[in-house]
Amino acid sequence: MLHEIMAKGLDEAIRMAEKSWSEGGIPIGSVLMTEDGEVVAAGHNERVQTGDPTAHAEMVCLRNAGRRRDWRELTLVSTLSPCSMCTGTAVLYKVKRVVIGENGTFMGAEHWLHESGISTHVMHDPRCIALMERLQREKPDLWAEDIGE
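Residues numbered from 1 in each chain as written. Predicted model: local features only at pLDDT ≥ 70, side-chain atom pairs only at ≥ 80, totals over all residues. Heavy atoms only, no water.

1. Re the side chain of Glu102
Here is the rule we go by: Each helix corresponds to a stretch of at least 4 residues labelled H or I by DSSP, and each strand to a stretch of at least 2 residues labelled E; elements are numbered beginning at the N terminus. Classification of residues uses two cut-offs on accessible area relative to the type maximum, computed with a 1.4 Å probe and protein chains only: under 20% is buried, over 50% is exposed, and between them is partly exposed. Neither His nor the chain ends contribute to the count of charged residues, in which Lys and Arg are positive and Asp and Glu negative. Salt-bridge detection follows one rule: a side-chain nitrogen of Lys or Arg within 4 Å of a carboxyl oxygen of Asp or Glu. Here a polar contact is recorded for every N or O atom pair within 3.5 Å, except that within protein the pair must consist of a potential hydrogen donor and a potential acceptor, and residues adjacent in sequence are included only if both atoms are side-chain atoms. We call two residues contacting when some pair of their heavy atoms lies within 4.5 Å.
Examined against the element boundaries, Glu102 turns out to sit in the loop between strand S4 (97–100) and helix H5 (110–115). At 12 Å, Arg137 is the nearest oppositely charged side chain to Glu102, a buried residue that forms no salt bridge. Looking at Glu102, its side chain comes within polar contact range of the main-chain nitrogen of Gly104, at 2.7 Å. Within the structure, Glu102 has its side chain in polar contact with the side chain of Thr105 (distance 2.4 Å). Leaving out residues up to four positions away in the same chain, Glu102 has contacts with Thr79, Leu80, Ser81, Val122, Asp125, Cys128, Ile129 and Met132.

2. Brief notes about the pattern of salt bridges
The tally for this structure, following the rule as stated, stands at nine salt bridges. In this structure, Arg15 and Glu12 form a salt bridge, with 2.7 Å as the shortest nitrogen-oxygen distance. Pair noted here: Arg15 and Glu12 are both in helix H1 (residues 2–22), with a separation of three residues, about one helical turn. You can call Arg15 partly exposed: its relative accessible area is 44%. What makes Glu12 partly exposed here is its relative accessible area of 21%. Here Lys96 and Glu35 are joined by a salt bridge, their closest N and O atoms 3.7 Å apart. Taken together, the positions of Lys96 in the loop between helix H4 (84–93) and S4 and Glu35 in the loop between strand S1 (29–33) and strand S2 (39–44) put the pair 61 residues apart, joining distant regions of the chain. Three or more residues joined by partner-sharing salt bridges are found here, namely Asp11, Asp125 and Arg127.

3. Describing helix H3 (residues 57–65)
Burial analysis of H3 places seven of its nine residues in the buried class, which makes it a mostly covered element. Taken residue by residue, H3 has Ala57, Glu58, Met59, Val60, Cys61, Leu62 and Ala65 as its buried positions. The inward-facing, buried residues of H3 abut S1, S2, strand S3 (75–78) and H4. Gly66 lies just past H3 and shows a positive phi near 70 degrees.

4. Some words on the sheet that holds strand S5 (residues 119–122)
Quick note on the threshold: Two strands qualify as a pair provided that DSSP identifies no fewer than 2 bridges between them. For helices, the axis comes from a line fit to the C-alpha atoms of the stretch in contact; other axes are also lines fit to C-alpha atoms, and the angle between any two N-to-C directions lies between 0 and 180 degrees.
Spatially, the five strands line up as an open sheet ordered S2-S1-S3-S4-S5, and their pairing is mixed. Two strands lie at the open edges of the sheet, namely S2 and S5, each paired on one side alone. The mean inter-strand angle of the sheet, taken between neighbouring strand axes irrespective of direction, is 15 degrees.

Below you can see the structure in the form of structure tokens.
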């Protein structure tokens, strides 16, 4: 059951990543879900579209979730391993679980999630890998900018 819910969330996060790519942005997507699989918020990386360096997919998704009191019951899904900023926000709000589409092209601050007691699941999804490899191949300068190089 949990695996099906995580897969559903990842499918939606990938849809968001593809939306960002179609807008000329960075192909990373994120969703926030309840335990029963309801998507309560979604977002995609909007750094290129808005010029906001903090507009990572996870940050946009959490912003779209608005004010909540149930963070500890929610799962954050991201197509890519979350950076320190996005991880820090998940730690701050004590989300229950983080599902990561892939962490081979970029390893974020997953150790911080573990240290904070947040359950993490890396899916090694080939669609997520392909999105990031395409970004690295077709727009290497944008990739370098996004990861702070």
